[in-house]
Amino acid sequence: MIRFEQACVTYPNGVVGMKDLDLTIDDGEFVVIVGLSGAGKSTLIRAINGLVPLTSGRLDVNGRDVTKLNRSGLRELRSGIGMIFQGFNLVDRTTVLKNVLMGRLHEVPTWRTLIGRYPAADIDLAARALQRVEILEKAYSRASDLSGGQRQRVGIARALAQEPAIILADEPVASLDPPTSHVVMRYLQQISRELGITTIVNLHFLDLATAYADRIIGLRDGVLVFDGPGSDADEQVFESIYGRSLTADDTMTKHAAL
Amino acid sequence: MPAPPAGTVELPRRPLDVFRWVFGAGAVVLILWSLLRIDIKWSRLWDAPSDLWTIGTLMFGRMESGDIGKLSGAMWESIAIAWLGTIIAAVFAIPLSFLAAENLVGRPVAWVTRQVFNILRAVPEVILALAFIPLFGLTPMAGVMAIGVGSIGTLGKLFYEIHEGIKTGPLEAADAVGASRLQRMRWGVIPQVTPEMTSFLLYRFEVNIRASAVLGLVGAGGIGSDISQALLFKDWGTAGLGLIIVVVGTIIVDTISGAVRRRIVSGRQSATTTTEPELAITGGVLG
Amino acid sequence: MTHLDTVVPDAPTLPRKPRPALFTIATIAAAIALTIVTARSVDFSFGEIIGNLSRKNSVVEGLLNPDWGQIWSRRSRSAFIETLQLAVLGTATGATLALPLALWTTTFGNPNRWIRTVVRSFNNVNRAIPDLLWASLFVASVGIGALSGLLALFFFSLAVTTKLTSDTLDGIDMGPIEAANAAGASLPKMLRTAVVPQILPAYASFVLYNFELNLRASAVLGLVGAGGIGLRIEFFRGRGDWEALWGLVFMFFIVVFVVERLSVTLRRRLV
Ligand SMILES: Nc1ncnc2c1ncn2[C@@H]1O[C@H](COP(=O)(O)OP(=O)(O)OP(=O)(O)O)[C@@H](O)[C@H]1O
Ligand SMILES: [Mg+2]
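All values reported here derive from a predicted model rather than from experimental measurement.

Helix and strand content of chain C: 12 helices and 0 strands. Listing every helix and strand of chain C by position from the N terminus yields α-α-α-α-α-α-α-α-α-α-α-α. Taking 18 Å as the expected radius of gyration for a compact globule of 271 residues, we find that chain C reaches 27 Å, considerably beyond that expectation. Taken over the C-alpha atoms alone, chain C extends approximately 85 × 75 × 40 Å along its principal axes. Looking at the 271 residues of chain C, the share that counts as buried comes to 50%.

Right under this line is the structure:
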């Protein structure tokens, strides 16, 4: 369970990224966060695994108070939370398998990770993760040789290899074309349902959000302005989140009915 | 053509560029002062071309093929000095370079490490060779040490510049999976920097060959020693042949090493191309 | 906690692991072999290094205890001045001639392909000969003294600045050249109005950079008898007076440092 209580984030330059947030996300939920650029979507996601520290308030993740964790506590926390990035964040020059094995860094003895000799069980786990996103045959390709959609599947596999309780995805499809975006979103949704992983996704496009979300959270200037099931989110709700009328740029398929 | 307006057209006044004038005048004064005060008998300059010509004909007209074996061996020794020196420098420069990259360690640590590089870079290898000769004798080992110590600074600088150019995405990913500092380095940084580092290492080896050929002139082993002996004893043929062997040997090693470097660099996928580092032009002794 | 094995029950088989690239193996093997062979040919030994470095010796003692008074000695000071003069004159002559020489290596600056090839080859050979080797050759032919140093620095500067300038010339805008040619300018006029203004700031910066390099180079020329501070260094070395030697070297670094700072500031203003 993830619970924010009166949580605030103010960046060193004075910009407020999150303001008095009260939010509870239960285990196994599939949540989509929407909001204009700069609304604080990334801030929320990154707060959960401690990449962005709260400046005040409380944040409990699976019973641990994130604000009180030290370095090794944070590493421990992060090892149980998979993260998927807009730019994939793969190491281009190494193989797909090595990239996925990064998800095992916390569990494998340091000396083994340093010389790159992972235990068979971890390699097996990485292979299963690759299998899960149907890209096992690329295990020994260089990450840079893959297409965008394939890379993001490797990103998902890396997160899966952590055997996480939570997956955080910060605009995972923003660098992909529409059909590929749907493929990636479907994987995330299936994984969340089948493995019971709490999944939190930032999305830019409203039609994608309504198509996949069980629950939608709307942010505006760091403040929570909407929280409800995906089915409740109609055009009026989005206009209130965005504070303006919707345009074609807000949907992926240009004339999608919401 | 339309007629020009009556009267003269007046241009706006040209602005006075003080900086340029001061700079130009300073340069002229410095050059004149040097020219007039330097301890050179300028009349000798007129004989220089003919002196050079004489020496040139002596050097390249009296070469003996019997010397080729011995001089090639000496050239090999120069190459060996350059290679081992480069390896020794790398052993120190690689770990230090991570400590000099501001994106990997804090600013204060990076600053201190860079000052170490700067000091090492300031000392010409020839001076280092002079210092090592009393310790190691007139042996190639003095040359190896001079090249080794002399290259730490430049290699370190080249390397940390590579580290600072890496993509931050993989580092962020490493943090997000809960990697430790060492693991972050091993899987987030090293795969990104290895190709360029290897390439620059080879590049430095090429530069060091020129340096080691020169070190012999002060007695630190290699072909420079043979050339300087030959010049001392006016054994012009040997000196000329030595010169040719230096140029040919350097070009051969450059060609092989350059081919390997290009292959390493082209094996990588990112669109940016590695250009030759600036030290390309500083020649050997300066590094 | 998730259990991937419940969802992907059959242990998947990874594709066959490809063998590492032949090129990688060959390069690593060659590097190791080269290290072993070269270590043998120079009688490399760690014991010797550690032994030699830890033994009490006057070189390191001098380094730890340098004689700062050197700068007040009249002879050292005049050696300093000679070094400075050599660097100035070497730059003034070599770097100045480098501009036409660089123009000569370009297609637009030199229509004659044959001459172009000759000039380029000259530059390549010149670059392959290190400055100290030039100095030794001049000392042998012209004689001991500053003149040999000046000649060596001349060729060195020519190599450095020509290389940098011709690299810059490769990247200039061809538009003004076309415009000048279209206006019927002769070759020299075209170069003067369409090319030189484009590269002048960069060229001026190269000249200054070259001066920094020359200052360092001129310090060692004297070791082979070509004038400047190197002669003093060689003198102290002969006497085994390492305190004085290091003192002199440190003084020289301070001078180089100051000149470099000045030059870097100037270069920033130029480009
Ligand atoms: N590291 C930082 N330092 C300073 N300000 C930041 C930092 N990161 C984000 N901000 C600011 O905090 C606010 C919220 O940013 P955040 O990245 O959370 O928005 P977002 O909703 O993810 O936007 P986008 O859709 O553009 O990714 C913005 O005003 C942003 O400029
Ligand atoms: Mg964002």
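What follows covers the packing of helix α5 (residues 74–104) of chain C against helix α12 (residues 242–270) of chain C. All names here are of chain C. Between α5 and α12, whose axes approach to 12 Å, the crossing angle comes to 40°. With respect to α12, the axis of α5 lies oblique. The chirality of how α5 crosses α12 is right-handed. Contact with α5, carried on its side by Ser76, Phe80 and Thr83, involves Leu248, Met251, Phe252 and Val255 of α12 and no other residues of that element.

Regular strands place their side chains on alternate faces of the sheet. Residue and element names in this part refer to chain A. Where burial is concerned, the two faces of strand β6 (residues 81–84) agree: the one with Ile81 and Met83 and the one with Gly82 and Ile84 are both buried. In terms of strand pairing, β6 meets strand β7 (residues 166–170) through 4 bridges, oriented parallel. Paired with Met83 across the two strands is Leu168, which belongs to β7.

Below, the discussion takes up the confidence of the model for chain C. Model confidence for chain C is summarised by a mean pLDDT of 88, while 97% of its residues fall at 70 or above. Listed scores for the predicted complex are pTM 0.82 and ipTM 0.86.

Quick look at helix α8 (residues 146–170) of chain C now. If you check α8(C), its first and last C-alpha atoms are 36 Å apart, about what 25 residues at 1.5 Å a residue would give, namely 36 Å. For α8(C), the tally of buried residues reaches 21 of 25 residues, placing the bulk of the element in the interior.

This paragraph deals with the pattern of salt bridges. Residues and elements named next belong to chain A. Scanning all chains against the criterion turns up 29 salt bridges over all chains. Between Arg215 and Glu29 there is a salt bridge, with the nearest N and O atoms lying 3.1 Å from each other. Of the two residues, Arg215 sits in strand β9 (residues 215–220) while Glu29 sits in the loop between β2 (16–25) and β3 (30–34), which places them 186 residues apart along the sequence. Summarising the burial analysis for this pair, Arg215 and Glu29 share the class buried.

Residues and elements named next belong to chain A. Judged by pairing direction, the sheet is antiparallel, and its 4 strands sit side by side in the order β2-β1-β4-β5 without closing on themselves. With partners counted over all chains shown, the strands left at the sheet margins are β2 and β5 (64–65), one partner each. When strand β4 (residues 56–61) meets β5, the two strands line up antiparallel, connected through 2 bridges. Its bridge partner being in β5, Val61 is matched across the sheet by Arg64. Set on the sheet, helix α1 (residues 41–48) makes contact with β1 (2–10), β2 and β4; between it and β2 the angle comes to about 60°.

Looking now at the packing of aromatic side chains. Here the structure, examined in full by the defined rule, presents 15 aromatic pairs over all chains. Taken together, a centroid distance of 6.4 Å and an interplanar angle of 50° make the contact between Phe252(C) and Phe253(C) tilted. On the accessibility criterion, Phe252(C) (5% relative accessible area) is buried. Following the ring pairs from residue to residue traces out a cluster consisting of Trp68(C), Trp242(C), Trp246(C) and Phe250(C). In this arrangement the basic side chain of Arg186(B) is found over the ring face of Trp187(B), its NZ or CZ atom lying 4.0 Å from the centre.

Take the interface of chain B and chain C next. Frequently, the measure chosen for interface size is the accessible area that the parts lose on association. Opposite the 61 residues of chain B that make contact, chain C presents 67 residues. Here chain B and chain C share an interface that buries about 5900 Å² over both sides, 81% of which is from carbon and sulfur atoms. Linking chain B with chain C are 0 salt bridges. For the side of chain B that touches chain C, the element with the highest residue contribution is helix α5 (residues 125–136) of chain B, accounting for 9 residues.

All names here are of chain B. Taken together, the side chains of Phe60, Met63, Ile244, Val248, Ile252 and Ile256 present a nonpolar region at the surface, about 510 Å² in accessible area. By residue number, the principal contributor to the nonpolar patch is helix α10 (residues 236–266), which donates 4 residues. With relative accessibility at 42%, the residue Val248 sits in the partly exposed group.

Before going further, it helps to spend a moment on the site of ligand 1. All names here are of chain A. As a structural note, the neighbourhood of ligand 1 is formed by Tyr11, Asn13, Val15, Leu36, Ser37, Gly38, Ala39, Gly40, Lys41, Ser42, Thr43 and Glu171. Between an oxygen atom of ligand 1 and a main-chain N or O atom of Ala39, the distance comes to 3.2 Å. A distance of 2.6 Å is found between an oxygen atom of ligand 1 and a side-chain nitrogen or oxygen belonging to Ser42. Residues of the shell around ligand 1, tallied by class, amount to 4 nonpolar, 6 polar and 2 charged.

With a phi angle near 55°, Glu134(A) is a residue other than glycine that sits in the positive phi range. The residue Lys234(B) is not glycine, and still its phi comes out positive at about 55°. Along the chain, Lys234(B) falls in the loop between α9 (223–232) and α10. Of the residues examined, Lys234(B) reaches a relative accessible area of 55% and is grouped as exposed.

Thresholds applied
Residues numbered from 1 in each chain as written. Chains lettered and ligands numbered in written order. Predicted model: local features only at pLDDT ≥ 70, side-chain atom pairs only at ≥ 80, totals over all residues. Heavy atoms only, no water. Helix = DSSP H or I, 4+ residues; strand = E, 2+ residues; numbered from the N terminus. Rg over C-alpha atoms; globule rule 2.2 N^0.38 Å. Buried < 20%, exposed > 50% of the residue type's maximum accessible area, 1.4 Å probe, protein only. Axes fitted to C-alpha atoms, helices over the stretch in contact; angles between N-to-C directions. Parallel < 35°, antiparallel > 145°, perpendicular 65-115°, else oblique. Left-handed = near helix turned anticlockwise from the far one by under 90°. Contact = heavy atoms within 4.5 Å. Pairing = 2+ DSSP bridges. pLDDT = per-residue confidence, 0-100. Expected span 1.5 Å × (residues − 1). Salt bridge = Lys/Arg side-chain N within 4 Å of Asp/Glu carboxyl O. Phe/Tyr/Trp six-rings, centres within 6.5 Å; stacked < 30°, edge-to-face > 60°. Lys NZ or Arg CZ within 6 Å of the ring centre and 35° of its normal. Buried area = accessible area lost by both parts, 1.4 Å probe. Patch = residues over 30% accessible without salt bridge, like charges linked within 9 Å, V, L, I, M, F, W, Y side chains within 5 Å. Areas by Shrake-Rupley, 256 points an atom, 1.4 Å probe, with all protein chains shown as cover. Near = heavy atom within 4 Å. Polar contact = N/O pair within 3.5 Å; in protein donor to acceptor, adjacent residues only side chain to side chain. Nonpolar A, V, L, I, M, F, W, Y, C, P; charged D, E, K, R; others polar.

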